[in-house]
Protein chains: 2
Amino acid sequence: MLQDLRAALGPQGCLTGADVPEAARSDASRTGHDLPLALLRPASVAEVSAALAICHRHGVAVVPQGGMTGLAGGAQPQAGQVALSLSRLAGVEEIDGEAMAMVVRAGTVLEVAQKAAEAAGFLLPVDLGARGSCQIGGNIATNAGGLRVLRDGMTRDNLLGIEAVLADGTVLCQMTKVVKNNTGYDLRHLFAGSEGTLGVITRAVIRLRPLPGPRGTVLASLPDFAAVLRLLAMARSALPGLSAFEAMWRDYFTCSQGHLPHTVLPDPPPFAVILEADEGPALEALLEAAFEEGVITDALIAQSFAEARRFWAVREGLEMDAAMPGLINLDVSLTTGRLDDFAQACRAALQASFPGAHVSFYGHVADSNVHVAVHVPGASEAEVHEVDAIAYGVVRDFGGSISAEHGIGTLKRDWLGYSRSPEELAAMRAIKAALDPKGLLNPGKVLPE
Amino acid sequence: MLQDLRAALGPQGCLTGADVPEAARSDASRTGHDLPLALLRPASVAEVSAALAICHRHGVAVVPQGGMTGLAGGAQPQAGQVALSLSRLAGVEEIDGEAMAMVVRAGTVLEVAQKAAEAAGFLLPVDLGARGSCQIGGNIATNAGGLRVLRDGMTRDNLLGIEAVLADGTVLCQMTKVVKNNTGYDLRHLFAGSEGTLGVITRAVIRLRPLPGPRGTVLASLPDFAAVLRLLAMARSALPGLSAFEAMWRDYFTCSQGHLPHTVLPDPPPFAVILEADEGPALEALLEAAFEEGVITDALIAQSFAEARRFWAVREGLEMDAAMPGLINLDVSLTTGRLDDFAQACRAALQASFPGAHVSFYGHVADSNVHVAVHVPGASEAEVHEVDAIAYGVVRDFGGSISAEHGIGTLKRDWLGYSRSPEELAAMRAIKAALDPKGLLNPGKVLPE
C-alpha cells in the first residue's frame, strides 16, 4: 500500500517512519498519543481521490487532518491508521465580487483567506481565535463557531459550495456560487460538521459579506440575569449591526481579571456584558435607555482599540490556563432564557462531588452558548472524566447540547446520547454506512461504538 | 390496511373513496391527475408514526401533502398510493422570546404562524406569495425561498430544530431552540429540501427576528446590467438593512406593465430595480451617489404603501398569467455576474427553436436567482417540454442551478442531472436507501429513476 501511495503522491506526498512529524499525533486537546502509519500530503483533488482509493482497496483507515487546532480529538490517528493532511492543498482560487463568494482550497489557513477577502474589499465571516493556524477545511468539517456567529452564523451558514471525496475516492463536486439551489439533497450541510467521517473536504465556496464599519465596544455592568436578557432583547431590536453580546458571570470575571496585569472593573458586578455594534447614535441611545430602566448600572465605552482589547482579554481568560493548570473548559448550549438556571444547577452538582472546585460561566449568550470553566486542583484523569459526566448530565436534564461549537470527536463521544436520541444515532449510523460502507473514514470519531 | 388505518386514525383521519377531496390530486402546477387510495389526516405525531408504520408493513407508498401550493409536482400521488395530509397537525405550540424561537406544527398555515410571531413582537422571516395557504411543513420540505432571502436566507437558514418521521414510523426528534449544536450529523438540513422523500416533517423550531422598522421602497432606472451590478454592490455596503433587490429586464417590465391598469414608467429603461431598505438618510445618500456616478438615470421613491404596491405589481406580473394563457415560468440560479449573459444566451436559444416566443427575465438578482417568463402561443405539451429542455440546457452550460427555489418534484426530475453530477445522484440514492430502504416515501419524486 505504501508503495502505491508513494507512486501516486510522490515522496513529498507520503511521509513514513521517522519523517512523520510529531504534530500528527494530537490536536490542541493534547490527548492524542499514536503516530500514524503514514502522513499523506496530497497536493490536488485528484491526489486526494487517488490516496483514498488506494487506502480503500487495502482496507486501511484514513484520518483527515487540517490545522490540528480542534479540541475534541477528532483528527487524532490510532496506530495503524493513515493520516491525510490537507496542508498542501492550499490557496484562494478566486474571489467573485458580484457573487460575493470565495473559491478556496481546504488546506488554506483561515487568516490567509481572511486577508485575501479583505484585500478585495470583503469580510470573510468565519473568525476564531485559532485563525493563524486552523484551516478552512477543518472549519467546515467541524462547523466552527467563533466570534461572528451572532451576526453571520456558523461556518455552515457561510458555505455556498463544497467539494468532498468519499472513502472510496469518489469526488462529489458542487462548487456553486449561487445562494439558492433546490436541486435534491443538500450534501453541503451533510459534510459540514461531520468531522471527517463522511468525506474529505477538498474545496469550498465561502460566502463573503460587506466589510463592517467602525465598531463600538461597550463593557456593561448588570444586576442580574434577567437584566442580561432584557439588554439582549433591547440590543437586538435597536442595533441591526449587533455583532457581539458576551456575558460573564461574576465568578468568571473576578477570576479572569485577577490573573491579568490590568484591572478593568475593580468591583465586578453580578453580570458583565461586552457588546459590540456599529458606532453611532443608536448605540448611545440604547445605553441611555438601558441605564434609565435600571437594566445596566454602569457602562464603559472603549475609547481606543487598546481599551477594547483589555475588555476582551477578560472575556478570553487569556491568563487563566497558565495560572490554573488542568483547567477544564466545557462548551455547551442551552435555551437562552435558562442559561442562569443551568449555571446554578451545574455549579451545585459539581461542587456536591468536588467541594473545592472553582466553577465559573461565560460565553456567547445571544447564541445560546455558554462555556463552563472548572478547576479541580490536582484532578486525576478519572476525576476530569467525572467532571464531564456531571456537567453533561445537567445539560441533558436541561435539554441542551453537549457541544455547541467544538464538535464531538473522541472526547465527547461517550455523551453524544445525552443530546441525540437512539433513533437519531441509528439514522446517523445508516448514513455513515451508506457513504462509507467499509467504515474506513475517521473511524471511532463522532459516533459511539 | 385501510381497516388498520381507520382504527389508528379514526374516521376523520382516514378518508377513502368519494370522501377524498379533489384537491388531493394536484399541487398548484395543475399537473396531477390521480386520486390517492386514501387521504390520511393524522392529528398528532403519534398518529403520523402509526400511519406510516401501517403503510410500511403493507408496502404501500405514502405521499406527504401540505398546502398543495408547490409548482414542481412534488406532492402529487399516483393511483394506488396513499396521501398523508398534515393539515390537522396544526398550531403554534410556543413562542420563546429570549431564544427568539417558535415551536410550530407542520400543518400550520404560514400566515397563521407569521401573525402569531407579530403578535409577540417578532418577525417570522419566511414569506412568500402563497402565505395564506402554504404550510410550514411544506415550506421546510421544499426549502422555500420567497421574499426575504436576501436578508434572512432560505427556509433552512431559519430552522433551529426539527421533528420528522421516517418511512417505517421511527420518530426523529431534535426540537432544539439553540443556535449552536455541533453534535453529529445535521439531520435538520437533510430533511429540509428533501421534498418528503426522506421523512415526514411533523414539527419544527423556527428562528424569529426583530420586527423591521419602516421600509423605503425605490424603483430605479438603470442603463445596463453593469449598472445593476454596481448598484447592488453599493447597496450591499451602504445599507445593512437591504431587504429586496429585484431586477426587471426591459422586455419583462414592458410586458408586465402593459397588462396592468396603471403605468409606473411610461418609457421603461433597459433595467429597472426595486430596492427596499430601512427608510432614512443612508438610503437617500445611496441614491444620490448612484445618480452622480451615472449608475441610475432616475429613481422613484414610493410616497405611500399603495405606490410601493404599484411598483411590486409590475415585478409580480400580476396580470401576465391571465393575459398570456400557457405562460411558462422557469426558476433558475446563475452566478450573479453572469445573469445577463445567461439571459441573452437563453433568449437566443429559445427563439432559434421558437421564433415567435416572447422571452423575458426578472428576479432576485442579489440571490443569484432569475425567473424566465416564456410565452409560445398555442404551445403543445411536447413543445412546453422542449422549452424546458432548451432553457435548462443553457443553465447547465452556465454551471447554474435548474431549481433555485421551487424544488425538483416530478416536473424537473428529468433535468436534475444538469445541475448535479452522477456521483452526487448516486450519493443521494444511497442516503435515500439508508433512510427508506423499501422506497415507500414519496417515490418517484426528486431522484430520476
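None of these values were measured; they are calculated from a predicted model.

Procedures and definitions
Residues numbered from 1 in each chain as written. Chains lettered and ligands numbered in written order. Predicted model: local features only at pLDDT ≥ 70, side-chain atom pairs only at ≥ 80, totals over all residues. Heavy atoms only, no water. Least-squares fit on C-alpha atoms with pLDDT ≥ 70 in both. Contact = heavy atoms within 4.5 Å. Salt bridge = Lys/Arg side-chain N within 4 Å of Asp/Glu carboxyl O. Buried < 20%, exposed > 50% of the residue type's maximum accessible area, 1.4 Å probe, protein only. Helix = DSSP H or I, 4+ residues; strand = E, 2+ residues; numbered from the N terminus. Buried area = accessible area lost by both parts, 1.4 Å probe. Polar contact = N/O pair within 3.5 Å; in protein donor to acceptor, adjacent residues only side chain to side chain. Expected span 1.5 Å × (residues − 1). Pairing = 2+ DSSP bridges. Axes fitted to C-alpha atoms, helices over the stretch in contact; angles between N-to-C directions. UniProt positions renumbered as here; feature names shortened; annotations may be inferred. Patch = residues over 30% accessible without salt bridge, like charges linked within 9 Å, V, L, I, M, F, W, Y side chains within 5 Å. Areas by Shrake-Rupley, 256 points an atom, 1.4 Å probe, with all protein chains shown as cover. Lys, Arg positive; Asp, Glu negative; His and termini not counted. Charge placed at Lys NZ, Arg CZ, Asp CG, Glu CD. Disulfide = S-S within 2.5 Å. Core = buried A, V, L, I, M, F, W, Y, C linked by side-chain atoms within 4.5 Å. Parallel < 35°, antiparallel > 145°, perpendicular 65-115°, else oblique. Left-handed = near helix turned anticlockwise from the far one by under 90°. Nonpolar A, V, L, I, M, F, W, Y, C, P; charged D, E, K, R; others polar.

A. Just the relation of the copies chain B and chain A, in detail. Mapping chain B onto chain A calls for a screw motion: a turn of 180° about the axis and a shift of 0.0 Å along it, with 0.0 Å RMSD after fitting. In the structure described here, the two chain copies are related by an operation that fits a two-fold rotation axis. Interface overlap between copies is the fraction of interface residues in one copy that are interface residues in the other; for chain B against chain A it reaches 100%, indicating a shared surface.

B. Examining the pattern of salt bridges more closely. Taken as a whole, this structure holds 42 salt bridges over all chains when the rule is applied. Note that A:Arg188 is salt-bridged to A:Asp186, the shortest N-O span being 2.7 Å. We classify A:Asp186 as buried; its relative accessible area is 10%. Of the charged contacts, one joins B:Glu93 and B:Arg203 as a salt bridge, the two residues approaching to 2.8 Å between their closest N and O atoms. One end of the pair, B:Glu93, is in strand β5 (residues 92-96); the other, B:Arg203, is in strand β10 (residues 200-207), with 110 residues separating them in the sequence. Linked through salt bridges whose partners overlap, the residues forming this network are A:Glu93, A:Arg105, A:Glu163 and A:Arg203.

C. Region of the structure containing the interface of chain B and chain A. Contact residues are listed per partner, giving 69 residues for chain B and 69 residues for chain A. Buried surface at the junction of chain B and chain A, both sides included, amounts to about 5700 Å², of which 59% is carbon and sulfur. Looking only at chain B, the three residues that lose the most surface to chain A are B:Lys180, B:Asn182 and B:Tyr185, adding up to 19% of its buried area. In this assembly, chain B and chain A are joined by 6 salt bridges. The shortest N-O distance in the salt bridge between A:Asp186 and B:Arg156 comes to 3.3 Å. For the pair chain B and chain A, the number of links is 33 residue pairs in polar contact (both at pLDDT 80 or more).

D. Focus on helix α9 (residues 281-292) of chain A. All names here are of chain A. The end-to-end C-alpha separation of α9 is 16 Å, in line with the 16 Å expected for 12 residues at 1.5 Å each. Each element contacted by the buried residues of α9 is listed here: β12 (215-222), α7 (225-238), β14 (271-278) and β15 (298-301). Where α9 terminates, the next one or two residues include Gly 294, which has phi positive at roughly 80°.

E. Quick look at the sheet that holds strand β6 (residues 101-105) of chain B. Residues and elements named next belong to chain B. Strand order in the open sheet formed by 5 strands is β5-β6-β10-β8-β9, with antiparallel pairing between adjacent strands. At either margin of the open sheet sits one strand with a lone partner, and together these are β5 and β9 (171-174). Pairs of neighbouring strands in the sheet enclose a mean axial angle of 10°, with direction left out of account. Two strands pair when backbone bridges link them, and β6 and β10 are joined in this way by 5 bridges, in the antiparallel orientation. In the sheet register, Val 103 faces β10, and the bridge partner there is Val 205.

F. Spotlight on the UniProt feature "domain: FAD-binding PCMH-type" (unreviewed entry) in chain A. Using the residue numbers shown here, the UniProt feature "domain: FAD-binding PCMH-type" (unreviewed entry) corresponds to residues 32-211 of chain A. Span residues 32-211 of chain A is 22% helix and 24% strand, its end C-alpha atoms 39 Å apart.

G. Main features of the pairing of strand β18 (residues 369-375) of chain B. Residue and element names in this part refer to chain B. Across the 7 residues that make up β18, a large majority, 7, are buried. Burial along β18 is two-sided: Asn 369, His 371, Ala 373 and His 375 and Val 370, Val 372 and Val 374, pointing in opposite directions, are all buried. Examined bridge by bridge, strand β16 (residues 328-333) and β18 share 6 bridges and lie antiparallel to one another. Of the residues in β18, the one forming a bridge with Asn 329 is Ala 373. In the sheet, strand β17 (residues 358-363) pairs with β18 via 5 bridges, with the strands oriented antiparallel. Paired with Ser 360 across the two strands is Ala 373, which belongs to β18. As consecutive antiparallel partners, β17 and β18 are separated by 5 residues, and within that stretch Ser 368 has a phi angle of approximately 60°, a positive value.

H. Expanded view of a negative patch on the surface. Residues A:Glu279, A:Glu284, A:Glu288 and A:Glu292 make up a contiguous surface patch of negative charge. Take A:Glu292: it is sitting in helix α9.

I. Layout of the state of the cysteines. Residues and elements named next belong to chain A. A complete count under the given rule lists 0 disulfides over all chains for this structure. Unpaired in this structure, Cys 55 has its nearest cysteine sulfur neighbour in Cys 14, at a distance of 8.6 Å. When its relative accessible area of 1% is taken as the criterion, Cys 55 is described as buried.

J. Examining the sheet that holds strand β3 (residues 62-65) of chain B more closely. Residue and element names in this part refer to chain B. The strand order β1-β2-β4-β3 describes an open sheet built from 4 strands, whose pairing is mixed. With partners counted over all chains shown, the strands left at the sheet margins are β1 (14-16) and β3, one partner each. Strand-to-strand, the axes of this sheet are offset by a mean angle of 25°, without reference to chain direction. Both β3 and strand β4 (residues 82-85) contribute to a ladder of 4 bridges, which runs parallel. The residue bridging Pro 64 from the neighbouring strand is Leu 84, located in β4. Relative to β1, helix α1 (residues 2-9) is tilted by about 140°, and along the sheet it contacts β1 and β2 (38-40). With respect to the sheet, helix α2 (residues 45-58) is in contact with β2, β3 and β4, its orientation differing from that of β4 by roughly 170°.

K. Molecular detail of unusual backbone geometry. Not every positive phi belongs to a glycine, and A:Val446 is a case in point at roughly 70°. Mapped onto the elements, A:Val446 comes out in the segment after α14 (422-435). Positive phi is not limited to glycine here, since B:Met68 has a value of about 60°. Residue position: B:Met68 is located in the loop between β3 and β4. B:Met68 gets classed as buried once you look at its relative accessible area, which sits at 16%.

L. Main features of the nonpolar core. If you look at the biggest cluster of nonpolar residues, it comprises 188 residues, and the most contacted ones within it are A:Leu231, A:Leu275, A:Phe342, B:Leu231, B:Leu275 and B:Phe342. Residues contacting B:Phe342, with those up to four places away along its chain left out, are B:Val332, B:Leu334, B:Phe361, B:Val370, B:Val372, B:Ala391, B:Val394, B:Val395 and B:Phe398.

M. Geometry of α2(B). All names here are of chain B. Over its 14 residues, α2 extends 20 Å from the first C-alpha to the last, a length consistent with the 20 Å expected when each residue adds 1.5 Å. For α2, the set of buried residues is Val 45, Val 48, Ser 49, Ala 51, Leu 52, Ile 54, Cys 55 and His 56. Two residues or fewer after α2 comes Gly 59, characterised by a positive phi angle close to 70°.

N. Structural view of the packing of helix α7 (residues 225-238) of chain B against helix α9 (residues 281-292) of chain B. All names here are of chain B. Two elements in contact, α7 and α9, have axes whose closest approach is 10 Å; the angle formed by their N-to-C orientations is 150°. Between α7 and α9, the interaxial angle falls into the category roughly antiparallel. The hand of the α7/α9 crossing is right-handed. Contacts between α7 and α9 involve Leu 231, Met 234, Ala 235 and Ala 238 from the first element and Ala 282, Leu 286, Ala 289 and Ala 290 from the second. A class-by-class count of the residues in the contact of α7 with α9 yields 8 nonpolar, no polar and no charged.

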